[in-house]
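Notes for the structure review
One letter stands for each residue in the lines below.
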Amino acid sequence: MSHNSVSFSDPLTLTLDVVGPKPNPSRGEPVESVKVLFEDAQVEAGVWECTPGTFPSRRDGFREAVTIIAGSGTLRDADGNETPFVAGTALAIPEGWSGEWDIVETTRKVYV
């Protein structure tokens with residue numbers, strides 16, 4: 001198998017696999033879906049989507065670069081600092097980060 005090929009998917013229309021409800025939401029009944037586009041021992045890249053709601057999140061053992069391609073909401077860290085996001089927002093979430101996603105409008109992101 002060649003590892004020199006490039007694949008393309010339109011992240012806005014890509015069909016995602018439903019993961020299920022987010023555990024322990026503090027608001028709503030958020031449901032997440034994902035499609036992993038690339039994965040090896042060190043890197044995972046894909047498209048993630050979640051319906052409205054507020055739920056805890058942690059980045060233990062990994063960091064994440066994200067571009068929001070649809071939706072809106074706020075990322076809130078454990079200290080209460082808020083980072084609002086809309087389509088077009090790029091985020092770098094460091095290893096060890098903890099807080100919550102507060103999704104107002106179904107949000108889709110491309111992540112690495």
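Everything that follows concerns the structure shown earlier in this document.
Residues numbered from 1 in each chain as written. Predicted model: local features only at pLDDT ≥ 70, side-chain atom pairs only at ≥ 80, totals over all residues. Heavy atoms only, no water.

Some words on the pairing of strand β6 (residues 64–77)
Of the strand pairs in this sheet, β6 and strand β8 (residues 90–93) are connected by four bridges, and their pairing is antiparallel. Note that in β8 the partner of Ala65 across the bridge is Ala92. Relative to strand β9 (residues 98–111), β6 runs antiparallel, the two sharing ten bridges. Looking across to β9, one finds that Thr67 is bridged to Val110. Note: β6 against strand β7 (residues 82–86), five bridges, orientation antiparallel. Note on β7: the bridge partner recorded for Thr74 is Pro84. Hairpin remark: β6 followed by β7, antiparallel, with four residues in the connecting loop; positive phi at Gly80, about 90°. (Pairing = 2+ DSSP bridges. Helix = DSSP H or I, 4+ residues; strand = E, 2+ residues; numbered from the N terminus.)

Considerations on the side chain of Arg108
Along the chain, the position of Arg108 falls in strand β9. Look at Arg108 and you get buried, because its relative accessible area is 9%. For Arg108, the side chain forms a polar contact with the side chain of Glu49, separated by 2.8 Å. Other than its neighbours up to four places away in sequence, Arg108 contacts Pro11, Leu12, Thr13, Leu14, Leu16, Val47, Trp48, Glu49, Thr67, Ile68, Ile69 and Ala70. (Buried < 20%, exposed > 50% of the residue type's maximum accessible area, 1.4 Å probe, protein only. Polar contact = N/O pair within 3.5 Å; in protein donor to acceptor, adjacent residues only side chain to side chain. Contact = heavy atoms within 4.5 Å.)

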